[in-house]
Amino acid sequence: MTSPTLPDPEQLAARILRGERAAVASGLNLLDNKLAEARNRSARLLAALSGERWLSRGHLIGVTGPPGAGKSSLVSAMIREWRLSGKTVGVLAVDPSSRPELGGGALLGDRIRIKNSSHDEGLFIRSLASRNQLGGVATEVWPMSWLMLACFDIVIIETVGVGQTEIDIAEIGDTVCYVAQPASGDTIQYLKSGIIEIPDIFAVNKCDLGAPARKTASEIGRSAPRHDRRENWDYPVCLVSATMNTGIRQLQEHCERHREFLANAGLLGKLRTRHQSAWVVRLLKEEFGTFGLELAGGRAVVGERLRENPSSQFAEYERLRQHILSRFMSVNQPSSLTKKEHLDEQTIV
Amino acid sequence: MVAARKNRDQPWLMRTYSGHSSAKASNTLYRTNLAKGQTGLSVAFDLPTQTGYDADSPLAKGEVGKVGVPISHIEDMDQLFDQIPLDQMNTSMTINATAAWLLSLYIGLAQRRGIDPTRLSGTTQNDIIKEYLSRGTYIYPPGASMRLIADTINYTVKHVPKWNPTNICSYHLQEAGATPVQELAYALCTAMAVLDRVKASGEIKPEAFPQVVERISFFVNAGMRFVEECCKLRAFGEMWDELTLTRYKVEDPRLRRFRYGVQVNSLGLTEAQPENNVQRIVLEMLAVTLSKRARARAIQLPAWNEAMGLPRPWDQQWALRMQQVMAFETDLLEYEDIFDGSPVIAAKVKALIEGAKREIENVEAQGGIIAAIESGYVKRELVGSHMNRLRAIESGDLKIIGVNCFQETAESPLTVGSDGGIMKTDPAAEREQIERLQAHRRSRNDSEVRAALQGLTDAAKSGENIMPSSIRCALAGVSTGEWGDSLRGVFGEFRPPTGIDIAIDSREVLGKKDQVTDLRERVANTGNALGRPLKLLVGKPGLDGHSNGAEQISVKARDVGFEVVYDGIRLTPQQIAQAAQEEGVHVVGLSILSGSHMELVESVLQELRLRDLASVPVIAGGIIPREDAERLMALGVRAVYTPKDFSLNAIMGDIVDVIRECNGLDRIGLLH
């Protein structure tokens, strides 16, 4: 079997930093690739893209909300404004996959909803399936969003909000924007569900409906007091209409204001470091389980080690992976299952 | 032999849907067809004309003169009707988003020839609502489209009283998969939406409203289940009669008559053993002629080779002769309705009416047809019905002779000729049309054009009827693209829900179950070998909006485990290549039914090469003659699928193998 040639990570990183679209595309393909050799190169790519500047560059915005709330139209309207002001935009649009026993396929329809009809070199959209992350955000979103941050001014992650997603997206985005649908049960459910403290900004879409939109906005405004992860931020609730193109500018100002707030309070770098640590722990746990995490010294130690090296977390992640893998192989007589997995790794290489 | 009775009923209007290459070539064809006994004209426009673009627009590349005649300005219209007296002709125009414009050109031409517009008779299809569900030649959002329909009705009722300003179409709903009940329900809902809109405009006095109702006509489809189809048309008549009486208080029963034209079903025509289409077409015609109570006013029949490409004049003549044999040789027109009193027919009609009423209530409860389209409900229902049909074909429950049974055939002498049994459009047509248009632009009075376009924009903004200013534009020499762009500037453009996010139970998959399981394994294993799940981009380059095929492929691919990026219709080759790059797909699938596959596919391949994506395989599907399929393969296309490839499972298996081959893996081969 011949495997397709994989790109040289360091060269690729240099091209991505120059904003070459082809390089961005092949970088994203590489990060999506699960073959062992590709994983090594992914780690090298991300390491080559990392650095201090990475903790302060760009703006990563998560947009979530119930199905039918008009997230894609809203994102599309925001993109139009950003592009008019000369900012480049990268989008990761996540749609659900069908269950593995039903084939695990996905219809990715956000692209058609987001894109403008004209050709635009300053906009890059990658659609992603949620894969087997039940209701959550695909694990690939994390490294991909960080790659995009290296070359776009604004990076948007759009997901359908179904509980777990908000929690996941809060562990990626600098700013999380929840899009509410007026007069719909979804929003009420959401208010009740106790995860209202996650978003930083609320946008009630379809405000051209009038009273129902204002009612939903005031319900959100009156909702339970929040003990928030980001103190002293005043949670704006704004009325927007993607189709009528109203309130878009204000929503963007809230986003920008939120980023400034994080930067001025010295929180942006800390937040990103924390998010990265959380994802590394999550990925390690997913791959090796609690036991594997213990082999690396346990959750607390791993978290500590990551926080100490905020600018090279991907390299750290790969070192931890290798460490756990070697411990698995040397410490244990491999069980038949781990042996099989190990063999798979070998044959794939 | 008994001589025919003297007092026979008048036969229906006989037409052939035609037009291609240029106004001049189409005019020659029309005059030949009329000389053969055709009694009306049915104009097919090319896609740039249907979607409001000039022949030299980048989006029009490869599409000019393909599926119909290009009409860019009033001189083209003049040439199209050269030596054809407008006041004596009954002209049907299959035109929707730009209907107000083509009608303005027709009226403008009549004025220029000194003919009083009150003497014009004919039909503009002008049902933009169904364009959002099938066919896809919409331009503007639904609100603006409704307004354009209402404007043409309001105008013609006063100034061109013999014109049918809109032909509510259930035809295309059936092509998109609609059941008879869905056809009845959605067409009648659309008619209600149109009439309500006209009423609300306040332009028509209440006492004149019955005349508006009378002018509403329908365009329906007739499929192979011809008994049921006949009942469907009787149901249409009864429901329309009741609806116009109760909802619109039309007292005169003559004004409540259900008037319809028909084109029999194209969905069921096959590329395999295409000669069988002749008997299919004749049987389908029975549904709309047998019952006097529900007989069509105008009939156009497709040609036997429509699933293979564009019909030649001889093929069109054959289709016309079918109608003439039915009307003039049989005794059909000598009798009153032959089904009245039949309990079997009555029961079937009743069942259809009950089903349709339930669905109408359902749509009304959602706020009417526009709301149900905007929410994606209607499209989802249609995609679901269409999937059921394909599933039945694959399982063999729905038999199609020559396709899923009785496939053995001798070589057909009809298709062995050097032309392959189809017509080729003139390859020089596009260039000549562009030259003609550019010469026209140089010859006209620029300040008049500017003033006329300003008047159009003002009318669009103010809500004033669009027709008078459009007729002024026509006379000033404004082009189709200029008219389309002016209104785009005011109304914006629309992208409708695709219906691929369908709510139907995805456990109930299409095709043979063990094949699906096998396919899922193939897709998963190939994805694992390549390091990530297989990703497919599906898009339609060019202006052709028939998206049913692309949607079915997308849904099927999802069901067998692909991650599918559906990029929709009306894409430039550049946009498709850009999407392929951004999305990092393993394969690009293009669907083209307009006949412009050679130009468009070649451009896509070129754009992919420009982006270093030459290694990404491209596959194409659509109405593609065998000879063209071979040329496409020579250009580098990896597979071409045509209507004879009815098994979606087989197509999926082949796509997996194409991906494998392009990535250095062995082909797995045919499904069992």
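What you see is a predicted model, and the numbers here were worked out from it, not measured in a lab. (Residues numbered from 1 in each chain as written. Chains lettered and ligands numbered in written order. Predicted model: local features only at pLDDT ≥ 70, side-chain atom pairs only at ≥ 80, totals over all residues. Heavy atoms only, no water.)

Caption draft 1: Main features of the domain arrangement of chain B. Residues and elements named next belong to chain B. What the domain assignment reports for chain B is domain 1 (13-395) and domain 2 (513-663). Taken residue by residue, the interface counts 31 residues in domain 1 and 31 residues in domain 2. When the area that domain 1 buries against domain 2 is broken down by residue, the three leading residues are L59, E271 and E394, summing to 23%. Linking domain 1 to domain 2 there are two salt bridges. Two residues, E551 and K379, come together in a salt bridge whose shortest N-O distance is 3.3 Å. For the interface between domain 1 and domain 2, the tally reads 14 residue pairs in polar contact (both at pLDDT 80 or more). At the level of elements, α2 (47-50) and α14 (377-395) are the ones that each hand at least two residues to the side of domain 1 that touches domain 2. No other element matches the seven residues that α14 contributes to the side of domain 1 that touches domain 2. (Domains from an automatic or database assignment. Contact = heavy atoms within 4.5 Å. Buried area = accessible area lost by both parts, 1.4 Å probe. Salt bridge = Lys/Arg side-chain N within 4 Å of Asp/Glu carboxyl O. Polar contact = N/O pair within 3.5 Å; in protein donor to acceptor, adjacent residues only side chain to side chain. Helix = DSSP H or I, 4+ residues; strand = E, 2+ residues; numbered from the N terminus.)

Caption draft 2: Geometry of helix α15 (residues 429-443) of chain B. Residues and elements named next belong to chain B. A rise of 1.5 Å per residue sets the reference length of α15, with its 15 residues, at 21 Å; its end C-alpha atoms lie 21 Å apart and thus fit the reference within 8%. Turning to α15, its buried residues number three or more, namely A429, E430, Q433, I434, L437 and H440. Seen end-on, α15 carries its buried residues on one side only, within an arc spanning 130°. Exposed residues on α15 whose side chains face more than 90 degrees from its buried face are R442 and S443. Tucked into the core, α15 has its buried residues touching α3 (74-80). (Expected span 1.5 Å × (residues − 1). Buried < 20%, exposed > 50% of the residue type's maximum accessible area, 1.4 Å probe, protein only. Arc of directions from axis to C-beta.)

Caption draft 3: Broad picture of the sheet that holds strand β7 (residues 167-169) of chain B. Residue and element names in this part refer to chain B. The strand order across the open sheet formed by five strands is β1-β10-β9-β8-β7, and the pairing between neighbours is parallel. Of all strands in the sheet, those with a lone pairing partner are β1 (13-15) and β7, marking the two edges. Within the sheet, the average angular offset between the axes of one strand and its neighbour, ignoring direction, is 20°. As defined by bridge partners, β7 adjoins strand β8 (residues 217-220) across three bridges and the pair is classed as parallel. The residue of β8 that forms the bridge with N167 is S217. Sitting on the sheet, helix α11 (residues 313-329) touches β1 and β10 (298-300), and the angle it makes with β1 is about 160°. (Pairing = 2+ DSSP bridges. Axes fitted to C-alpha atoms, helices over the stretch in contact; angles between N-to-C directions.)

Caption draft 4: How the structure looks around the confidence of the model for chain B. All names here are of chain B. With 96% of its residues at a pLDDT of 70 or more, chain B has an overall mean of 92. For the stretch residues 502-507, pLDDT sits under 50, and the model shows 13 contacts to residues farther than four places along the chain or on other chains. Reported confidences for the modelled complex are a pTM of 0.81 and an ipTM of 0.88. (pLDDT = per-residue confidence, 0-100.)

Caption draft 5: View of the interface of chain B and chain A. Counting from both sides, the interface comprises 40 residues of chain B and, opposite them, 38 residues of chain A. Between chain B and chain A, the buried area comes to about 3,100 Å², and carbon and sulfur atoms account for 46% of it. Taken together, chain B and chain A are joined by five salt bridges. The partner of E583(B) in a salt bridge is R111(A), and the shortest N-O contact between them spans 2.9 Å. Counting across the interface, chain B meets chain A through 15 residue pairs in polar contact (both at pLDDT 80 or more). Among the elements of the structure, α19 (513-530), α20 (548-559), β12 (563-566) and α21 (573-583) of chain B are those that each provide at least two residues to the side of chain B that touches chain A.

Caption draft 6: Main features of the pattern of salt bridges. Applying the stated rule across the entire model yields 68 salt bridges over all chains. Two residues, E334(B) and R8(B), come together in a salt bridge whose shortest N-O distance is 3.1 Å. In this pair, E334(B) sits in the loop between α11 and α12 (343-365) while R8(B) sits in the segment before β1, placing the two residues 326 residues apart along the sequence. Between K535(B) and E583(B) there is a salt bridge; the shortest N-O distance is 3.2 Å. Residue K535(B) is located in strand β11 (residues 535-539), and its partner E583(B) is located in helix α21; the two are separated by 48 residues in the primary sequence. When salt bridges with common partners are traced through the structure, they connect R21(A), R111(A), E121(A), K535(B), D567(B), E582(B) and E583(B) into a single cluster.

Caption draft 7: Main features of the sheet that holds strand β1 (residues 59-64) of chain A. All names here are of chain A. Read across the open sheet, the seven strands follow the order β4-β2-β5-β1-β6-β7-β8; overall the sheet is parallel. The open sheet terminates on both sides in strands that have one partner only, identified here as β4 (123-129) and β8 (237-239). Pairs of neighbouring strands in the sheet enclose a mean axial angle of 20°, with direction left out of account. Pairing of β1 with strand β6 (residues 175-180), which is carried by four bridges, proceeds in the parallel orientation. Its bridge partner being in β6, T64 is matched across the sheet by Y178. On top of the sheet, helix α4 (residues 71-84) reaches β1, β2 (89-95), β4, β5 (154-158), β6 and β7 (201-204); it is set at about 175° to β5, its chief contact. Across the face of the sheet, helix α9 (residues 211-221) comes into contact with β6, β7 and β8 while running at roughly 175° to β8.

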